[in-house]
Amino acid sequence: MTTAYLTIDDIPSKLTPSIVDFLNKKQIVPVMFCWCERINYYRQNAIYALKHGILIQNHSLTHPHFSELSFEQAVEEIEKAEEVLESLYKEAGVKRPFKMFRFPFGDKGGKNEAALQEYLKEHGFTQLDQSNILPAEYEKDGAQKNQGDCYDTKWTFDYAEWRVRPNSGFSIEDSISKANARFGAPTSDVPESGAAPAGAKAEQLILIHDHEDTENMYKGYFETLINALLARGVRFVKPVVR
Ligand SMILES: [Zn+2]
């Protein structure tokens, strides 16, 4: 068995409620990172996730490349998204137990990287418990070492299903090949519950996206990809912070 956190980027979309229902059925509790300007279109779908026990965290307001922003612009992106999140939690009547942030595109801000880490630290952003995630696992998906020391949240495995677009030459089958390369061939049927045993600590941090454009290319992509990992012995741990 491989234990993992599940993180879902770019929520909300029109798919969000069906993603929530599927994960609830599978007893998988993810962290959702919110592209906060999308709340203007799908506010109730984000509220639906919160009311069904899923944490929503900060993925900026407009999803820019942070290395193209000044420090002040970067902070504004984070703070405006915080305002949106606060109003969402308030409306849902749910307490936000901790604050997390993920940089869009994993772009940590270029020349402002150190200052932004300091900003996140000072403003109470935290990170998932990393005590069982080896730094080498991050490197396998292109991140630098020591992500566990950071105040933003990276990933150890990206399905890369966001690349499934017209004429991209990348298909859902390629995402599944990526899962094979990392976690081996399927070893079981898809289990009813995808939850790791109580007390298990995560060894991986999985990234998938909430994208209507992917659904338009491959109906049911989200379930297909999550089930692909479940059949490879991956089980999901509830988010716990360090
Ligand atoms: Zn994103």
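As a reminder, the structure under discussion sits directly above these lines.
Residues numbered from 1 in each chain as written. Predicted model: local features only at pLDDT ≥ 70, side-chain atom pairs only at ≥ 80, totals over all residues. Heavy atoms only, no water.

**Structural notes on the environment of Asp149**
Then step 1. Tracing the backbone shows Asp149 in the loop between helix H5 (135–139) and strand E4 (157–158).
Then step 2. A residue is classified by how much of its surface remains accessible, and Asp149, at 58% relative accessible area, is exposed.
Then step 3. Between the C-alpha atom of Asp149 and that of Gln127, which follows or precedes it by 22 residues, the distance is 8.4 Å. (Helix = DSSP H or I, 4+ residues; strand = E, 2+ residues; numbered from the N terminus. Buried < 20%, exposed > 50% of the residue type's maximum accessible area, 1.4 Å probe, protein only.)

**Remarks on the coordination of the zinc ion**
Then step 1. Within the protein, the zinc ion binds to Asp10 (OD), His59 (NE2) and His63 (NE2); these donor distances fall in the range 2.0 to 2.1 Å.
Then step 2. Given the relative accessible area of 4%, Asp10 is considered buried. (Donors = N, O, S within 2.8 Å, 3.2 Å for Na, K, Ca; no water.)

**What to know about the pairing of strand E1 (residues 2–11)**
Then step 1. The buried fraction of E1 is high, at ten of ten residues.
Then step 2. Relative to strand E6 (residues 234–236), E1 runs parallel, the two sharing three bridges. Each bridged residue has a counterpart across the sheet, and for Thr2 the counterpart in E6 is Val234.
Then step 3. Bridge analysis of E1 against strand E5 (residues 204–209) gives six bridges, and the strand direction is parallel. By the bridge assignment, Thr7 is partnered in E5 with Leu207. (Pairing = 2+ DSSP bridges.)

**A short note on the environment of Gly220**
Then step 1. Relative to the assigned elements, Gly220 resides in the loop between helix H7 (212–217) and helix H8 (221–230).
Then step 2. Residue class for Gly220 comes out partly exposed when judged on its relative accessible area of 28%.
Then step 3. In this structure the C-alpha to C-alpha distance between Gly220 and Arg96, which are 124 residues apart in sequence, comes to 30 Å.

**Let's talk about the packing of helix H1 (residues 16–25) against H8**
Then step 1. Contact geometry of H1 with H8 gives a least axis separation of 10 Å together with a crossing angle of 30°. Between H1 and H8, the angle falls in the class roughly parallel. For the crossing formed where H1 meets H8, the hand is right-handed. Residue-level inspection shows Ile19, Phe22 and Leu23 of H1 in contact with H8, the latter providing Phe222, Glu223, Ile226 and Asn227.
Then step 2. Class assignment for the residues of the contact of H1 with H8 results in five nonpolar, one polar and one charged. (Axes fitted to C-alpha atoms, helices over the stretch in contact; angles between N-to-C directions. Parallel < 35°, antiparallel > 145°, perpendicular 65-115°, else oblique. Left-handed = near helix turned anticlockwise from the far one by under 90°. Contact = heavy atoms within 4.5 Å. Nonpolar A, V, L, I, M, F, W, Y, C, P; charged D, E, K, R; others polar.)

**Let's talk about the nonpolar core**
Then step 1. Counting residues in hydrophobic clusters, the biggest one holds 59 residues, and the most contacted among them are Ile56, Ile226 and Phe236.
Then step 2. When residues no more than four places from it in sequence are discounted, the contact partners of Ile226 are Leu6, Phe22, Ile28, Tyr159, Ile208 and Phe236.
Then step 3. Counting residues in hydrophobic clusters, the runner-up holds eleven residues, among them Phe66, Ala74, Phe101 and Leu120. (Core = buried A, V, L, I, M, F, W, Y, C linked by side-chain atoms within 4.5 Å.)

**Here we look at the side chain of Gln147**
Then step 1. Within the element layout of this structure, Gln147 appears in the loop between H5 and E4.
Then step 2. Contacts of Gln147, omitting those with residues within four sequence positions, involve Lys108, Gln127, Gln130, Tyr138 and Lys154.

**Examining the pattern of salt bridges**
Then step 1. Throughout the structure, instances matching the rule amount to nine salt bridges.
Then step 2. Note that Lys201 is salt-bridged to Asp129, the shortest N-O span being 3.5 Å. Highlighted residues: Lys201 in the loop between helix H6 (172–183) and E5 and Asp129 in the loop between helix H4 (113–122) and H5, separated in sequence by 72 residues.
Then step 3. Overall, Lys201 belongs to the partly exposed group, its relative accessible area being 40%.
Then step 4. Notably, a salt bridge pairs Lys140 with Glu137, separated by 2.9 Å at the nearest N-O pair.
Then step 5. One salt-bridge network, held together by shared partners, links Glu137, Lys140 and Arg182. (Salt bridge = Lys/Arg side-chain N within 4 Å of Asp/Glu carboxyl O.)

Fair warning: the whole summary comes from geometry, so function is off the table for now.
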